[in-house]
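Letter by letter, the chains look like this.
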Amino acid sequence: MKSHLLKITAAARRQGRMAARDIYLNANVNAQPNILNAGTPSRAISTLLPPRPLGPPVFKTAVYKSVGDIAISVDIYMPEIRRGSQTPVMLYIHGGGWVGGNRADCSRLLLIRFLQQGFVVCSMDYRLLPESTFKQMQEDVRDMGLWLRSKLQAEVTDDVSIDDEKIVVVGASSGALLAMQTVSSFFLIPILASDRTV
């Protein structure tokens, strides 16, 4: 049984994107015991799944806001492919039920896909419960929007021109709720005439 698990795990690594179910169905299951009887379902399934892709490297970690002596940071990921003269931005807001999580808790596959499309990806921290309120979390996201428009360009390399008109905001779980609220908070930010030509 153990050798059968090893064969399927090795096949999963070789196949990469092939679905774990397909690898299992293509294995010689008639000659081997059923892998789904391997003790616990989670143990059996984890041996079938291909390894998670490595996350992209963080280009830079910057502080976008300070509250008292607490610095709140954002990780910046740079695309390998430059697309045109203006580079769009994807902001990722982590989940965690408003009580946990951090900017490193992000979907690696999602980050990779946006980077492949030429987006600069930013994954932010925000203040959490119970030390802060939901309103303060919303303020952090609003302040992140201001930072993206006014400071992100200075944090990236010279060959990238940030398009602050093309910002996509995504999130997971509680971060998704905060992301949905950016429709009002990002677009109701007063923009001074000196910041932009009308």
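These numbers come from a predicted model, not from an experiment.

## Structural notes on the confidence of the model for the protein chain
Counting all residues, the mean pLDDT for the protein chain is 77, and 64% of those residues have values of 70 or more. Between residues 15–38, whose pLDDT stays under 50, and residues either more than four places distant or in other chains, the model counts 35 contacts. Low pLDDT (under 50) marks residues 188–198, which in the prediction has seven contacts with non-local residues, meaning those over four places away or in another chain.

## Examining the environment of Val169
For Val169, the position within the fold is in strand E5 (residues 162–171). Residue Val169 is classed as buried on the basis of its relative accessible area of 19%. A sequence separation of 78 residues divides Val169 from Leu91, and the C-alpha atoms of the two residues are 4.7 Å apart.

## Here's the deal with the pairing of strand E2 (residues 70–77)
Taking burial as the measure, the eight residues of E2 include six buried ones, the bulk of the element. Relative to E2, strand E1 (residues 60–67) is paired through seven bridges, and the arrangement is antiparallel. Across the sheet, residue Lys65 finds its bridge partner in E2, namely Ile72. Connecting E1 to the antiparallel partner E2 that follows it, the hairpin turn spans two residues, and Gly68 within it adopts a positive phi of roughly 65 degrees.

## Observations regarding the pattern of salt bridges
This model, assessed by the stated rule, comprises nine salt bridges. Note that Lys60 is salt-bridged to Glu155, the shortest N-O span being 2.9 Å. Within this pair, whereas Lys60 is found in strand E1, its partner Glu155 is found in helix H6 (residues 152–155), the two being separated by 95 residues in sequence. We note a salt bridge from Asp143 to Lys65, for which the minimum N-O separation is 2.7 Å. Residue Asp143 is located in helix H5 (residues 134–150), and its partner Lys65 is located in strand E1; the two are separated by 78 residues in the primary sequence. For Asp143, a relative accessible area of 18% puts it in the buried group.

## Description of the packing of aromatic side chains
For the coordinates displayed, the defined rule picks out two aromatic pairs. Relative to Phe134, the ring of Trp98 lies with its centre 5.6 Å away and its plane at 85 degrees, an arrangement referred to as edge-to-face. With Trp98 in the loop between strand E3 (87–93) and helix H4 (108–116) and Phe134 in helix H5, this pair connects stretches of sequence that are 36 residues apart. Given a relative accessible area of 28%, Phe134 falls into the partly exposed group. On the numbers, 5.0 Å between centres and 85 degrees between planes, the contact of Phe114 with Phe119 is edge-to-face.

Parameters at a glance
Residues numbered from 1 in each chain as written. Predicted model: local features only at pLDDT ≥ 70, side-chain atom pairs only at ≥ 80, totals over all residues. Heavy atoms only, no water. pLDDT = per-residue confidence, 0-100. Contact = heavy atoms within 4.5 Å. Helix = DSSP H or I, 4+ residues; strand = E, 2+ residues; numbered from the N terminus. Buried < 20%, exposed > 50% of the residue type's maximum accessible area, 1.4 Å probe, protein only. Pairing = 2+ DSSP bridges. Salt bridge = Lys/Arg side-chain N within 4 Å of Asp/Glu carboxyl O. Phe/Tyr/Trp six-rings, centres within 6.5 Å; stacked < 30°, edge-to-face > 60°.

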